[in-house]
Amino acid sequence: MKIGFIGLGIMGKPMAKNLLKAGYELVVYDIIQAAVEEVVAAGATAVGSPKEVASQVSMVITMLPNSPQVKEVVLGAGGVLEGAKQGDIIIDMSSIAPLAAKEVAAAAAVKGVEMLDAPVSGGEPKAIDGSLSIMVGGKQAIFDQCKDILLKMGKSVTLCGDIGAGNTTKLANQVIVALNIAAMSEALVLGAKAGVDPEVIYQAIRGGLAGSTVLDAKAPMVLNGNFKPGFKIDLHIKDLNNALETAKEVGVPLMLTSQVMEMMQALKVDGKGQSDHSAIVQFYEKLANFEARKK
Ligand code: NAD
């Protein structure tokens with residue numbers, strides 16, 4: 001089977017490579033040529049626009065930064081819908097606003113094109129080893145058709161509800177991750193400045209109630225002062241913006257999320273928008289004038 005893949009960044013590249021490894025033929029597009037070349041070297045075919053991708057396949061996967069890019073790639077001039085045929089399927093795996101997913105799906109439906117929103121969690125390491133958690137919104141029948149393909153990129157694939165429900169679930173995920181990183185940062189800076197090696201703190205607590213996937217993924221980065229992304233602060237600001245907007249729409253005050261959002265904004269202003277989100281610790285380190293590094 002031939003699948004289209006658009007958006008070959010930190011996540012899209014390894015996800016596309018896993019589909020190639022599983023034996024699917026891929027037709028790919030990205031605006032960054034180096035990313036395209038790397039996936040072509042692994043066996044994919046490159047074309048010059050999203051429209052050309054869609055005209056060669058019956059299923060297109062997108063893995064783009066945010067709602068505006070997904071709208072441009074799917075609905076814009078030279079976009080997926082210009083090349084798609086009735087009965088084709090778009091799986092948008094980007095993390096975007098739930099409302100935007102509904103808008104794109106409605107425009108696709110006018111052409112008889114089906115859509116799932118299927119954002120992921122797990123970051124680059126899990127994209128590489130094909131063990132992402134995938135949260136899906138859309139029709140049951142379309143989900144059933146696509147599940148095996150999604151399982152080549154993830155180890156858990158869950159239908160969360162109608163279109164948009166995948167991204168609503170992802171917003172909940174991003175709130176939990178952001179608040180966890182902030183809690184870890186606050187605690188490690190406290191412990192380190194109070195005189196205990198933060199590596200010892202991490203090792204002592206990781207098996208207890210404070211242990212978590214976030215702690216195991218991010219504490220080693222903090223302790224080594226390694227803030228290479230991973231998941232960029234700029235993208236997490238985008239997710240928290242989507243969470244805060246959705247919260248306003250449905251009427252849920254997000255007290256802690258709004259505070260962590262301001263921390264991330266401060267880091268962005270300080271030139272760290274392209275750092276990994278574990279750099280939240282640097283916000284605390286500046287306030288406390290102390291770094292939580294391994295001794
Ligand atoms: P990225 O910035 O590394 O990759 C995005 C890719 O999209 C880039 O290669 C870029 O050139 C391409 N692109 C942008 N506009 C385009 C256009 N108009 N046409 C074609 N290509 C275009 O981002 P990423 O980290 O791979 O994240 C992608 C999505 O996955 C985001 O929504 C992000 O929030 C989500 N996500 C990321 C992670 C992570 O750890 N990096 C984890 C889970 C989810």
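Residues numbered from 1 in each chain as written. Predicted model: local features only at pLDDT ≥ 70, side-chain atom pairs only at ≥ 80, totals over all residues. Heavy atoms only, no water.

If you look the chain up in an unreviewed UniProt entry, it shows as 2-hydroxy-3-oxopropionate reductase from Anaerosporomusa subterranea. For the record of the chain, the UniProt heading Sequence similarities (unreviewed entry) holds the text "Belongs to the HIBADH-related family." (UniProt positions renumbered as here; feature names shortened; annotations may be inferred.)

Caption draft 1: Spatial organisation of the packing of aromatic side chains. Scanning the model with the defined rule gives one aromatic pair in all. The interplanar angle of 90° and the centroid separation of 5.7 Å between the aromatic rings of Phe 283 and Tyr 284 together place this pair among those described as edge-to-face. The exposure class of Tyr 284 is buried, given its relative accessible area of 12%. (Phe/Tyr/Trp six-rings, centres within 6.5 Å; stacked < 30°, edge-to-face > 60°. Buried < 20%, exposed > 50% of the residue type's maximum accessible area, 1.4 Å probe, protein only.)

Caption draft 2: Quick peek at the UniProt feature "domain: 3-hydroxyisobutyrate dehydrogenase-like NAD-binding" (unreviewed entry) in the chain. Per the UniProt entry, the sites bearing "domain: 3-hydroxyisobutyrate dehydrogenase-like NAD-binding" (unreviewed entry) are residues 164-284 in this numbering. Here residues 164-284 runs as 71% helix and 0% strand, with 35 Å between its end C-alpha atoms. (Helix = DSSP H or I, 4+ residues; strand = E, 2+ residues; numbered from the N terminus.)

Caption draft 3: Region of interest: the state of the cysteines. Evaluation of the coordinates by the stated rule reveals zero disulfides. Here Cys 146 is not disulfide-linked; the sulfur of Cys 160 is the nearest cysteine sulfur, at 15 Å. (Disulfide = S-S within 2.5 Å.)

Caption draft 4: Region of the structure containing the domain arrangement of the chain. Annotation of the chain at the domain level lists domain 1 (2-163) and domain 2 (168-288). On the domain 2 side, the residues contacting the 14 residues of domain 1 number 14 residues. Both sides of the domain 1 and domain 2 interface together cover about 1100 Å² of buried area, and 58% of this is carbon and sulfur. Taken together, the links from domain 1 to domain 2 amount to zero salt bridges. Counting the contacts that link domain 1 with domain 2 gives four residue pairs in polar contact (both at pLDDT 80 or more). At the level of elements, α6 (98-110) and β7 (120-121) are the ones that each hand at least two residues to the side of domain 1 that touches domain 2. Considering only residue class, the side of domain 1 that touches domain 2 consists of 10 nonpolar, three polar and one charged. (Domains from an automatic or database assignment. Contact = heavy atoms within 4.5 Å. Buried area = accessible area lost by both parts, 1.4 Å probe. Salt bridge = Lys/Arg side-chain N within 4 Å of Asp/Glu carboxyl O. Polar contact = N/O pair within 3.5 Å; in protein donor to acceptor, adjacent residues only side chain to side chain. Nonpolar A, V, L, I, M, F, W, Y, C, P; charged D, E, K, R; others polar.)

Caption draft 5: Representation of helix α13 (residues 255-269) within the structure. Spanning 15 residues, α13 covers 22 Å between terminal C-alpha atoms, matching the ideal 21 Å at 1.5 Å per step. Every buried residue of α13 is accounted for by Thr 257, Val 260, Met 261, Met 263, Met 264 and Leu 267. The arc that holds the buried residues of α13, viewed along the axis, is 160°, so those residues lie on one side. Away from the buried face of α13 by more than 90 degrees, exposed residues Met 255, Gln 259, Glu 262 and Val 269 are located. For α13, the elements touching its buried residues are α9 (165-193), α12 (233-250) and α14 (280-288). In the stretch just after α13, Gly 271 is the one whose phi turns positive, near 85°. (Expected span 1.5 Å × (residues − 1). Arc of directions from axis to C-beta.)

Caption draft 6: Local environment of the pairing of strand β1 (residues 2-6). Where burial is concerned, most of β1 is hidden: four out of the five residues are buried. Pairing between β1 and strand β2 (residues 25-29): five bridges, direction parallel. Bridge pairing in β2 places Ile 6 opposite Tyr 29. Note that the unit made of β1, helix α1 (residues 12-21) and β2 has a crossover that is right-handed. Sheet topology places β1 next to strand β4 (residues 59-62); three bridges connect them, and they run parallel. (Pairing = 2+ DSSP bridges. Right-handed = clockwise from strand over helix to strand, strands pointing away.)

Caption draft 7: Spatial organisation of the packing of α13 against α14. Between α13 and α14, the least distance of the axes is 9 Å, while the angle of their chain directions is 80°. As the angle between them shows, α13 and α14 are arranged roughly perpendicular. Contact residues: Val 260, Met 263, Met 264, Ala 266 and Leu 267 in α13; Ile 280, Gln 282, Phe 283 and Tyr 284 in α14. For the contact of α13 with α14, a count of residues per class yields eight nonpolar, one polar and no charged. (Axes fitted to C-alpha atoms, helices over the stretch in contact; angles between N-to-C directions. Parallel < 35°, antiparallel > 145°, perpendicular 65-115°, else oblique.)

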